[in-house]
Amino acid sequence: MKTFEEILQILKEKFEGENNIEGHKDGTEDVIQVTPSLIKAVSDFLISEPDLNFDSMILLSGVDDENGEKTTSEDGSFTITGGTLSVYYHLESTTLKHKLVLRISVPREEPVCPSVAMVWRTADWHEREAYDLLGIVFEGHPDLKRILMPYDWEFGYPLRKDYKNPEFYNGMKVPY
Amino acid sequence: MGILDKEFLQDNIVVTNLDAMLRWARVASVWQTTFGLACCAIEMMATSASHYDFDRFGLIPRPSPRQSDLIIISGTVTLKMATRIKRIYEQMPDPKYVISMGSCSNCGGPYWEHGYHVLKGVDRVIPVDVYVPGCPPRPEALLEGLLKLKEKIGNESLIKSA
């Protein structure tokens, strides 16, 4: 079993470079922030390194950070430009009994990051969900398509904070 | 129904008119499509199980919409499901009836405002005969709705023009 600090230290030594790996201890849970382009390599390392052995993914979730510039229009709706979308990875080692939370932040205008679906198969459907509801594109995913919304849904990503519901979908009125 | 009010002329022979007989038969056997959507479906299954037993009213779940007279929309109708529900409804032979069970399928329920994925009432895609309120409705409420539907069927005539 390793503590957060020990895991952070191991990762910092393995992935050297400015801002590649950062520890955040200000939230309810300790988070390691990873540069998006490194997430696949970090994941491969975390699962294969015997001292860490993160063999299980509990959860992968997408978040709209809502930290861009808000433009409010007359009807009260708003659009957000700039800022980031984040992906959280909750990992666990079933043999060594330790847990870890990773985070990556990708720009809202081009939310692209490497897929970890081939590292933990749990991530397959979770990445599809994050893609479906927030529009985060996971490169290298074996089958990245919508999972909850209809395949022909063309009105954007519902969990983005500036999402607007359409008036009609396939001839059905959507608002109450 | 009045079918037994008629005169018994001989043993085992009941004299009645065709209209009353058809009505009696239709009211007593409302076959239902096996179809459940969400938590209301659990309550619907409880209603069909031995404790509440809606088989005693002639409701039998059928495995195909083509053999059914009734569909109970038991749960949240998502936009994705709405097109499927419409297709199932269209596969049912006439005369067919719809019971909308629970707040979600009545009007969107708790998803009425922020449910980006929910159809705000199944009556936006198919016609509804009986609305059963509740979240989810108790089996007694569903039975009440069923009896209301039977009342409606009993007042219809396949022979006389309305």
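From a predicted model like this one, the values you see are computed outputs, not experimental measurements.

**Side note on the overall build of chain A**
And step 1. Scanning chain A for helices and strands turns up 3 helices and 11 strands.
And step 2. Helices (α) and strands (β) of chain A occur, in sequence order from the N terminus, as α-β-β-α-β-β-β-β-β-β-α-β-β-β.
And step 3. In terms of principal-axis extent, the alpha carbons of chain A reach across some 55 × 30 × 25 Å.
And step 4. Considering chain A as a whole, with its 176 residues, one finds that 41% of them fall into the buried category.
And step 5. The contacts in chain A between residues at least 6 apart in sequence include a share of 54% that link residues at least 24 apart.

**Some points on the interface of chain A and chain B**
And step 1. If you look at the interface, chain A gives 17 residues, while chain B gives 14 residues.
And step 2. When the area that chain A buries against chain B is broken down by residue, the three leading residues are M172(A), V174(A) and Y176(A), summing to 46%.
And step 3. Joining chain A to chain B, the criterion identifies 0 salt bridges.
And step 4. At the boundary of chain A and chain B, one finds 4 residue pairs in polar contact (both at pLDDT 80 or more).
And step 5. Taken together, the residues of the side of chain A that touches chain B break down into 14 nonpolar, 2 polar and 1 charged.

**As for the packing of helix α1 (residues 18-28) of chain B against helix α5 (residues 139-154) of chain B**
All names here are of chain B.
And step 1. Contact geometry of α1 with α5 gives a least axis separation of 9 Å together with a crossing angle of 160°. By the angle between their directions, the pair α1 and α5 is classed as roughly antiparallel. Here α1 runs over α5; the crossing is right-handed. Taken together, the residues of α5 that come into contact with α1 (itself represented by R23, R26, V27 and A28) are K150, I153 and G154.
And step 2. Looking at the contact of α1 with α5 residue by residue, the class counts come to 3 nonpolar, 1 polar and 3 charged.

**Description of the pattern of salt bridges**
All names here are of chain A.
And step 1. This structure, assessed with the given rule, holds 15 salt bridges over all chains.
And step 2. A salt bridge links K70 to E66, with the nearest nitrogen and oxygen atoms 3.1 Å apart.
And step 3. The exposure class of K70 is partly exposed, given its relative accessible area of 46%.
And step 4. One network of salt bridges, in which partners are shared, links E5, K25 and D30.

**Some remarks on the layout of surface pockets**
And step 1. Taken as a whole, the largest pocket holds about 400 Å³ of empty space.
And step 2. Along the wall of the largest pocket there are 19 residues; nearest its centre are Y163(A), K164(A), N165(A), E113(B) and H114(B).
And step 3. The residue inventory of the lining of the largest pocket, partitioned by class, reads 10 nonpolar, 3 polar and 6 charged.

**What about the side chain of E127(A)?**
Residue and element names in this part refer to chain A.
And step 1. Positionally, E127 belongs in helix α3 (residues 123-134).
And step 2. R121 is the oppositely charged side chain nearest to the buried, salt-bridge-free E127, at an N-O distance of 8.8 Å.
And step 3. Among all residues touching E127, those that are not within four sequence positions of it are L60, S115, V116, A117, F138, H141 and L144.

**Here's the deal with the sheet that holds strand β3 (residues 56-64) of chain A**
Remark on secondary structure: sheet strands pair via backbone hydrogen bonds, oriented parallel or antiparallel.
Residue and element names in this part refer to chain A.
And step 1. Read from one edge to the other, the open sheet built from 5 strands follows the order β1-β2-β7-β6-β3, with strand pairing classed as mixed. Here the strands that pair on one side only, and so sit at the sheet edges, are β1 (21-24) and β3. Here the strands of the sheet are splayed against their neighbours by 25° on average, with no regard to which way each runs.
And step 2. Note: β1 against strand β2 (residues 31-34), 4 bridges, orientation antiparallel. If you follow I21 over to β2, its bridge partner there is V34.
And step 3. Packing against the sheet, helix α1 (residues 4-14) makes contact with β1, β2 and β7 (99-107), and its axis sits at approximately 165° to β1.
And step 4. Across the sheet, α3 is in contact with β3 and β6 (84-92); its angle to β3 comes to roughly 5°.

About the criteria used
- Residues numbered from 1 in each chain as written.
- Chains lettered and ligands numbered in written order.
- Predicted model: local features only at pLDDT ≥ 70, side-chain atom pairs only at ≥ 80, totals over all residues.
- Heavy atoms only, no water.
- Helix = DSSP H or I, 4+ residues; strand = E, 2+ residues; numbered from the N terminus.
- Buried < 20%, exposed > 50% of the residue type's maximum accessible area, 1.4 Å probe, protein only.
- Contact = heavy atoms within 4.5 Å.
- Buried area = accessible area lost by both parts, 1.4 Å probe.
- Salt bridge = Lys/Arg side-chain N within 4 Å of Asp/Glu carboxyl O.
- Polar contact = N/O pair within 3.5 Å; in protein donor to acceptor, adjacent residues only side chain to side chain.
- Nonpolar A, V, L, I, M, F, W, Y, C, P; charged D, E, K, R; others polar.
- Axes fitted to C-alpha atoms, helices over the stretch in contact; angles between N-to-C directions.
- Parallel < 35°, antiparallel > 145°, perpendicular 65-115°, else oblique.
- Left-handed = near helix turned anticlockwise from the far one by under 90°.
- 1 Å grid on protein atoms, 1.4 Å probe; cavity = no way out; pocket = protein on both sides within 12 Å on 5 of 7 lines; lining within 4 Å.
- Points joined across faces, edges and corners; volume = space filled by probe spheres on them.
- Lys, Arg positive; Asp, Glu negative; His and termini not counted.
- Pairing = 2+ DSSP bridges.

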